[in-house]
Amino acid sequence: RSDGASRRGALLLPPLASGLLAGWPLGLAAPALAEDLPPLPKAYADEVRNLAVKARDSLFDQVQPTLQSRKQGVARQRMQQNEKQVELLLKKYVEKYMLPESAAALDKTLTTHPIFAKLNSVVTTLTSATPEDAGSTKFAYDRIKDFKEILSLVDNTPKTEA
């Protein structure tokens, strides 16, 4: 049975590796696993984790069918609240990490980190989505997958206190 577990692990590595390679600076050998990534500042890792969890859950709420009609009003209200929280978190993230004037002040080890590049790519995709894209189930599931990959990387990447 341990062979089955190793095969499953091998099947999960290609998507993980492709996500890493997409954000890894050219000319550098990409690490094979999240543990091989350079450390992330703990404060940044916490912000990324919070944003990724809220965004993933909000996107999932959009595509998840409501099971009980009597709770639809409550579910809709919760979904709208979650969407507003995600919009606020995205706005804060963009202002703090993606605007040219704020990005210029960031440490180079952070701006060249694969998680930073991956999240910036996902945030750009979300913020530049057309209404048709935003309403698409495929678009939502693709972003859910992106946020799951980011969460996996953040959870397994070493952290620094700085």
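In short, a report on the structure. Please read all numbers here as calculations on a predicted model, not as lab measurements. (Residues numbered from 1 in each chain as written. Predicted model: local features only at pLDDT ≥ 70, side-chain atom pairs only at ≥ 80, totals over all residues. Heavy atoms only, no water.)

### A short note on helix α8 (residues 137-156)
An α-helix turns once every 3.6 residues. As a result, residues three or four positions apart point the same way. Compared with an ideal rise of 1.5 Å per residue, which puts 20 residues at 28 Å, α8 spans 29 Å between its outermost C-alpha atoms and is within 8% of the ideal. Turning to α8, its buried residues are F139, A140, R143, I144, D146, F147, E149, I150, L151, L153 and V154. The backbone nitrogen of K138 has a side-chain oxygen 3.3 Å away, supplied by the residue at the start of α8, namely S136. (Helix = DSSP H or I, 4+ residues; strand = E, 2+ residues; numbered from the N terminus. Expected span 1.5 Å × (residues − 1). Buried < 20%, exposed > 50% of the residue type's maximum accessible area, 1.4 Å probe, protein only. Polar contact = N/O pair within 3.5 Å; in protein donor to acceptor, adjacent residues only side chain to side chain.)

### Here we look at the nonpolar core
Ranked by internal contacts, the top residues of the largest apolar core, which has 29 residues, are Y44, Y93, L119, F147 and I150. Elements supplying a minimum of two residues to this core: α2 (42-63), α3 (72-98), α6 (114-127) and α8. (Core = buried A, V, L, I, M, F, W, Y, C linked by side-chain atoms within 4.5 Å.)

### A short note on the side chain of H113
Structurally, the position occupied by H113 is in the loop between α5 (108-111) and α6. Judged by its relative accessible area of 1%, H113 falls in the buried class. A distance of 2.6 Å separates the side chain of H113 from the backbone oxygen of P38, its partner in a polar contact. With residues near it in sequence (within four places) discarded, H113 still touches L37, P38, P39, L40 and T157. (Contact = heavy atoms within 4.5 Å.)

### Describing the packing of α6 against α8
Their axes nearest at 10 Å, the elements α6 and α8 cross at an angle of 160 degrees. As the angle between them shows, α6 and α8 are arranged roughly antiparallel. Viewed along their axes, α6 and α8 form a crossing whose handedness is left-handed. Residues I115, K118, L119, V122, T125 and L126 of α6 lie in contact with α8, whose contacting residues are F139, R143, D146, F147, E149, I150, L153 and V154. A breakdown of the residues in the contact of α6 with α8 according to their chemical character gives nine nonpolar, one polar and four charged. (Axes fitted to C-alpha atoms, helices over the stretch in contact; angles between N-to-C directions. Parallel < 35°, antiparallel > 145°, perpendicular 65-115°, else oblique. Left-handed = near helix turned anticlockwise from the far one by under 90°. Nonpolar A, V, L, I, M, F, W, Y, C, P; charged D, E, K, R; others polar.)

### With respect to the packing of aromatic side chains
To describe a pair of aromatic rings, you give the distance between the ring centres and the angle between the ring planes. A full pass over the atoms with the stated rule returns five aromatic pairs. Considering the side-chain rings of Y44 and Y97, the 4.9 Å spacing of their centres and the 75 degrees angle between planes classify their relative orientation as edge-to-face. Of the two residues, Y44 is situated in helix α2 and Y97 in helix α3; the sequence distance between them amounts to 53 residues. Of the residues examined, Y44 reaches a relative accessible area of 3% and is grouped as buried. Their ring planes at 45 degrees and their centres at 5.9 Å tell us that Y44 and F116 sit as a pair that is tilted. Of this pair, Y44 sits in helix α2 while F116 sits in helix α6; the two residues are 72 residues apart in sequence, bridging distant segments of the chain. In this structure an aromatic cluster arises from ring pairing among Y44, Y93, Y97 and F116. Looking at R143, its charged tip hangs above the ring of F139, at a distance of 4.8 Å from the centre. (Phe/Tyr/Trp six-rings, centres within 6.5 Å; stacked < 30°, edge-to-face > 60°. Lys NZ or Arg CZ within 6 Å of the ring centre and 35° of its normal.)

### Focus: the side chain of E149
Examined against the element boundaries, E149 turns out to sit in helix α8. Side-chain polar atoms of E149 contact the side chain of K118, separated by 3.2 Å.

### What about the environment of T124?
Within the secondary structure layout, T124 lies in helix α6. Taking the C-alpha atoms as reference points, T124 and M98, separated by 26 residues in sequence, lie 9.3 Å from one another.

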